[in-house]
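# Notes for the structure review
So the chains spell out like this:
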Amino acid sequence: MTWQSLPLELLQKIILFSVSDVRDIARLSRTCKSALAAASSPRVWQSLAIIRYGEAIATSSEPLYESNWKALMADDNRRGALPTLSTPSTTRACKYRFNRIEYYFCCIVEAVKWDRNANEIKVYIDVRGEHDLREPMSSALYRLPRQSNRGNEANVLLPKRFVSEVATPYQSQRHHKGYLAYSVPENVTVLPGRYFFCYANPNPLHGADYAPV
């Protein structure tokens, strides 16, 4: 049995299960016309993109390459990748300022990601506290220009949604885990300055009861 005798659909499946590198697919496509036809299928390149980047990132990146999945893979999805800032464990705790041993609240900022396709900043948080733990949707993200400590110069953003990873209602009363999505103007993400996050305070520059990080 030769490559030429195999059905096109079977050849596509062989490529998906045995080859993941773009250069290997290019070499394979030069072996015969059947392999070239299978390797040129948009379906193959779409499936490979989903395998490599996950369905959510691959799908959101598709418009950035005008649905050219082969170009997306060849470029290693540089346009659609999510730049990620992992926060150091020593500086990522946004604690309630009036904590006591028997009454304690703390928000851990796990990571910050920039979704360029959706033009969103996503702040991943893990918050725990007592029965009256506040909801995440009042949390602010703000920027201070360099060499400035004046609050009237800050750009304050509020989230447009919170995507939760906590399943049960009982847990969610004392535990919020997931990400906050902040929709921002195109130029805000490239402005220099210091960026801060403050949990459950929509106006963090005036008497915030959680310490910003």
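Placed above this text is the structure.
Remember, it's a predicted structure, so these values are computed and weren't measured experimentally.

Any two aromatic rings considered together are summarised by their centre-to-centre distance and by the angle between their planes. Counted by the stated rule, this structure contains seven aromatic pairs. Relative to Phe105, the ring of Tyr103 has its centre 4.8 Å away and its plane inclined at 80°; by these criteria the two rings are edge-to-face. Look at Tyr103 and you get partly exposed, because its relative accessible area is 21%. Where Tyr124 meets Tyr179, the ring centres are 5.2 Å apart and the plane angle is 40°; that geometry is what we call tilted. With Tyr124 in strand β4 (residues 120–128) and Tyr179 in strand β8 (residues 175–183), this residue pair connects regions lying 55 residues apart in the sequence. The same class applies to Tyr124 and to Tyr179, which are both buried. Counting every residue linked through ring pairs, the aromatic cluster contains Tyr96, Phe98, Tyr103, Phe105, Tyr199 and Tyr210. Over the ring of Tyr124 we find Lys113, and its NZ or CZ is 5.0 Å from the ring centre.

With that settled, consider the sheet that holds strand β9 (residues 194–198). Spatial ordering of the open sheet is given by β6-β5-β9, a layout of three strands whose pairing is antiparallel. Each of the sheet's edge strands pairs with one partner strand only, and the pair in question is β6 (155–157) and β9. Direction aside, the axes of adjacent strands within the sheet are offset by 20° on average. As defined by bridge partners, strand β5 (residues 140–144) adjoins β6 across three bridges and the pair is classed as antiparallel. Across the sheet, the residue bridging to Leu141 is Leu157, located in β6.

A separate point is the pattern of salt bridges. Under the counting rule described, the total for this entry stands at nine salt bridges. A salt bridge links Glu120 to Lys160, with the nearest nitrogen and oxygen atoms 2.6 Å apart. With Glu120 in strand β4 and Lys160 in the loop between β6 and β7 (161–164), this residue pair connects regions lying 40 residues apart in the sequence. With relative accessibility at 3%, the residue Glu120 sits in the buried group. For Lys160, a relative accessible area of 45% corresponds to the partly exposed category. One salt bridge in this structure joins Asp126 and Arg128, with 3.6 Å as the shortest N-O distance. Overall, the relative accessible area of 13% leaves Asp126 in the buried class. Linked through salt bridges whose partners overlap, the residues forming this network are Glu110, Asp126, Arg128 and Lys177.

So, on to the nonpolar core. As a rule of thumb, soluble globular proteins bury nonpolar side chains together. Cys107, Val123, Ile125, Tyr182, Phe197, Tyr199 and Tyr210 are the most contacted members of the largest nonpolar core, which totals 22 residues. The dominant element in this core, judged by the number of residues it contributes, is β4, at four residues. Those residues in contact with Tyr199 that lie beyond four places of it in its chain are Cys94, Cys107, Ile125, Val127, Leu133, Arg134, Glu135, Pro136, Ser139, His176 and Tyr210. Residues Ile25, Trp45, Tyr53 and Met73 belong to the second largest nonpolar core, which totals twelve residues.

Calculation notes
Residues numbered from 1 in each chain as written. Predicted model: local features only at pLDDT ≥ 70, side-chain atom pairs only at ≥ 80, totals over all residues. Heavy atoms only, no water. Phe/Tyr/Trp six-rings, centres within 6.5 Å; stacked < 30°, edge-to-face > 60°. Buried < 20%, exposed > 50% of the residue type's maximum accessible area, 1.4 Å probe, protein only. Helix = DSSP H or I, 4+ residues; strand = E, 2+ residues; numbered from the N terminus. Lys NZ or Arg CZ within 6 Å of the ring centre and 35° of its normal. Pairing = 2+ DSSP bridges. Axes fitted to C-alpha atoms, helices over the stretch in contact; angles between N-to-C directions. Salt bridge = Lys/Arg side-chain N within 4 Å of Asp/Glu carboxyl O. Core = buried A, V, L, I, M, F, W, Y, C linked by side-chain atoms within 4.5 Å. Contact = heavy atoms within 4.5 Å.

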